[in-house]
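What follows is the residue order along each chain.
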Amino acid sequence: MQARDAIAFLAGHFSLCAVDVGAEGEMRYHFERPFRFVVTEIDAMTIALFAAFDLPADLPADGLLRRMLEANLQGVETGAGSMCRDESGRIGYRDVIDLRAMPIEAFQMRFIDFSLYFEFWRGEGLPRLIDDLRRDDTPGDGFLKL
């Protein structure tokens, strides 16, 4: 499968609302449903999925970034994807997918995984994280929860 096939599949099943060009000239496809996410065509065989989180502006950046790193290091909370910032600074969940030799069924399962991890963070992980950060219940410098 190629990137254009994966994007056509998503556009056929979900609400494509905009297309634009990223800072490095890559095509970005913005979807509204089942949740807001962006598909970036990295090259003919690779795409990236990104879904931004709706976070309060008053969260302490150091605690938030520490928790993102913990999630990425453990992998249990992120699977094949990772917590990151996009080029505009929004924090979200991202998965980069190499589509070479990937049948459509495998891509569908990968998108389902992406959706489930995003929904975990949006529905369960972030509310807990926000509570922890507002209580200042994070470990001191030099310690990560592994």
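Look up a bit, the structure's there.
Residues numbered from 1 in each chain as written. Predicted model: local features only at pLDDT ≥ 70, side-chain atom pairs only at ≥ 80, totals over all residues. Heavy atoms only, no water.

1. A closer look at the overall build of the chain
Point 1. A count of helices and strands for the chain gives three helices and six strands.
Point 2. Reading the chain from its N terminus to its C terminus gives the helix and strand order α-β-β-β-β-α-β-β-α.
Point 3. Against the globule reference of 15 Å for 146 residues, the chain gives a C-alpha radius of gyration of 16 Å, in line with a compact fold.
Point 4. Overall, the chain is about 45 × 25 × 25 Å in size when its C-alpha atoms are taken along their principal axes.
Point 5. For the chain, the share of sequence-separated contacts (at least 6 apart) that also reach a separation of at least 24 residues comes to 56%.
Point 6. Just so you have it, the chain exposes about 8200 Å², and 53% of that area is on carbon and sulfur atoms.
Point 7. Each charge sign in the chain was given a centre, from 16 positive and 25 negative side chains, and these centres are 2 Å apart. (Helix = DSSP H or I, 4+ residues; strand = E, 2+ residues; numbered from the N terminus. Rg over C-alpha atoms; globule rule 2.2 N^0.38 Å. Contact = heavy atoms within 4.5 Å. Areas by Shrake-Rupley, 256 points an atom, 1.4 Å probe, with all protein chains shown as cover. Lys, Arg positive; Asp, Glu negative; His and termini not counted. Charge placed at Lys NZ, Arg CZ, Asp CG, Glu CD.)

2. A look at the pairing of strand β2 (residues 27–31)
Point 1. A large share of β2 lies buried, amounting to four of its five residues.
Point 2. As defined by bridge partners, strand β1 (residues 16–21) adjoins β2 across five bridges and the pair is classed as antiparallel. Residue pairing in the sheet places Ala18 in a bridge with His30 of β2.
Point 3. Counting the residues that bridge the hairpin from β1 to β2 gives five residues, and of these Gly25 lies at a positive phi of roughly 85°.
Point 4. Two elements, β2 and strand β3 (residues 37–43), share five bridges in a ladder whose sense is antiparallel. (Buried < 20%, exposed > 50% of the residue type's maximum accessible area, 1.4 Å probe, protein only. Pairing = 2+ DSSP bridges.)

3. Describing unusual backbone geometry
Point 1. Of the consecutive residues Arg33 and Pro34, the connecting peptide bond is found in the cis state with omega at 15°.
Point 2. On the secondary structure map, Pro34 appears in the loop between β2 and β3.
Point 3. Of note, Ala101 is a non-glycine position whose phi angle comes to about 60°, a positive value.
Point 4. Here Ala101 shows up in the loop between β6 (91–98) and α3 (104–135).

4. Focus on the pattern of salt bridges
When the charged atoms of two side chains lie near each other, side chains of opposite charge can form a pair.
Point 1. Taken as a whole, this structure holds 12 salt bridges when the rule is applied.
Point 2. Among the salt bridges present, the one from Arg110 reaches Asp95, with a minimum N-O distance of 2.9 Å. You can see Arg110 sitting in helix α3 and its partner Asp95 sitting in strand β6, a full 15 residues away along the chain.
Point 3. For Asp95, a relative accessible area of 2% corresponds to the buried category.
Point 4. A salt bridge links Glu124 to Arg128; the shortest N-O distance between them is 3.0 Å. (Salt bridge = Lys/Arg side-chain N within 4 Å of Asp/Glu carboxyl O.)

5. Examining the packing of aromatic side chains
Point 1. On inspection of all chains with the given rule, the structure shows 13 aromatic pairs.
Point 2. An aromatic cluster is built from Phe14, Phe31, Phe35, Phe37, Phe53, Tyr93, Phe111, Phe114, Tyr117 and Phe118, whose rings are joined through pairwise contacts. (Phe/Tyr/Trp six-rings, centres within 6.5 Å; stacked < 30°, edge-to-face > 60°.)

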